[in-house]
Every structure is written in C-alpha cells, then in structure tokens.
Amino acid sequence: ENRFINLPNQKTKEVLQQALDNCNQLLELEPDSKWPLYTKVLILLALDSQLNHQDVVRSLRRLAEVDSKHCKFYADTEARLVIEYRIEKAEDDTLDISEYTQ
C-alpha cells in the first residue's frame, strides 16, 4: 500500500497534463518566472509524485534560487517530499534521512 500516492483519474490527468504543458511553454519564454515554476511543481505532484520526484526536486531547488525570500519553504517542502519518497521506496525497515537532519 502506498501511503503518499493519490493518483488522479484519466480526465483529471488530461487536464493536469495540459496545464503542465502550458507551464512548460511559459517557462521556455520566462525561465525565472516563479509562479509557472511553482504551479509546475504542484501539477507534477498531483500527477504522480513518485514518478516525477526528480523533476519536482529540481524545480524546488530552482524556485529557491529564483525566489530567495521563500528558500526555506522550498527546502522544507523538498525535505518532506524526499522523506515521503524514501519511505515509499524503502525495501527494509531502515531509512536514511541523515542529509536532512541537523
């Protein structure tokens, strides 16, 4: 059982994919635009957070660069998503999150 995955139905997936395409087009024109990048993260998470994990992490790191006022929010979000991802992918009872603890 996947604890953190709630995949959309086909109709919702189609709408989200179109919105993602629109965000990507905007980002081609304005790569430093915060809102299309943040919207892209939300859409990727809604589509499939496990499948899109690496793209989400890259986008959150880019957001931290583009929107430095909120860099801690993006870092916290990344840490939460990485932990969720690793919990889902863990094959035994051990989970290494040492890079996110201080």
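Located above this text is the structure these notes cover.
Residues numbered from 1 in each chain as written. Predicted model: local features only at pLDDT ≥ 70, side-chain atom pairs only at ≥ 80, totals over all residues. Heavy atoms only, no water.

1. Re the overall build of the protein chain
So, step 1. Scanning the protein chain from terminus to terminus reveals four helices and zero strands.
So, step 2. Secondary structure elements of the protein chain occur, N-terminal to C-terminal, as α-α-α-α.
So, step 3. By the burial criterion, 30% of the 102 residues in the protein chain qualify as buried.
So, step 4. Relative to all contacts within the protein chain whose residues are 6 or more apart in sequence, the contacts with residues 24 or more apart total 52%.
So, step 5. Only carbon and sulfur atoms are counted for the fraction: they give 48% of the accessible area of the protein chain, which is about 7,300 Å². (Helix = DSSP H or I, 4+ residues; strand = E, 2+ residues; numbered from the N terminus. Buried < 20%, exposed > 50% of the residue type's maximum accessible area, 1.4 Å probe, protein only. Contact = heavy atoms within 4.5 Å. Areas by Shrake-Rupley, 256 points an atom, 1.4 Å probe, with all protein chains shown as cover.)

2. Some words on the nonpolar core
So, step 1. In terms of nonpolar packing, the biggest core is built from 14 residues, with L20, V41, I43, L47, V56, L60 and L63 touching the most fellow members.
So, step 2. Sorting the residues of this core by element identifies helix 1 (10–29), helix 2 (34–48), helix 3 (53–66) and helix 4 (71–89) as the ones contributing at least two each.
So, step 3. In terms of residue count, the dominant contributor to this core is helix 2 (five residues).
So, step 4. What L47 contacts, discounting residues up to four positions off in sequence, is L7, P8, K13, L16, Q17, L20 and N52. (Core = buried A, V, L, I, M, F, W, Y, C linked by side-chain atoms within 4.5 Å.)

3. What to know about the environment of H53
So, step 1. The topology assignment puts H53 in helix 3.
So, step 2. Put simply, H53 and Y85 are 32 residues apart on the chain and 7.6 Å apart in space, counted from C-alpha to C-alpha.
So, step 3. Setting aside residues no more than four positions away along its own chain, H53 makes contact with L81, V82 and Y85.

4. Observations regarding the packing of aromatic side chains
So, step 1. One pass over the full model with this rule turns up four aromatic pairs.
So, step 2. With a centroid separation of 6.5 Å and an interplanar angle of 55°, the aromatic rings of Y38 and F73 are classed as tilted. Residue Y38 is located in helix 2, and its partner F73 is located in helix 4; the two are separated by 35 residues in the primary sequence.
So, step 3. For Y38, a relative accessible area of 22% gives the class partly exposed.
So, step 4. On the basis of relative accessible area, F73 is assigned to the partly exposed category, the value being 42%.
So, step 5. Three or more aromatic residues link up through ring pairs in this structure, and these residues are W35, Y38, F73 and Y74. (Phe/Tyr/Trp six-rings, centres within 6.5 Å; stacked < 30°, edge-to-face > 60°.)

5. A word on the packing of helix 3 against helix 4
So, step 1. Orientation of helix 3 relative to helix 4, taken along the N-to-C sense of each, is 165°, at an axis distance of 8 Å. As the angle between them shows, helix 3 and helix 4 are arranged roughly antiparallel. Seen along the crossing, helix 3 lies across helix 4 with a hand that is left-handed. Touching H53, V56, V57, L60, R61, L63 and A64 of helix 3 are C71, Y74, T77, E78, L81, V82 and Y85, all from helix 4.
So, step 2. Tallied by class, residues from the contact of helix 3 with helix 4 come to ten nonpolar, two polar and two charged. (Axes fitted to C-alpha atoms, helices over the stretch in contact; angles between N-to-C directions. Parallel < 35°, antiparallel > 145°, perpendicular 65-115°, else oblique. Left-handed = near helix turned anticlockwise from the far one by under 90°. Nonpolar A, V, L, I, M, F, W, Y, C, P; charged D, E, K, R; others polar.)

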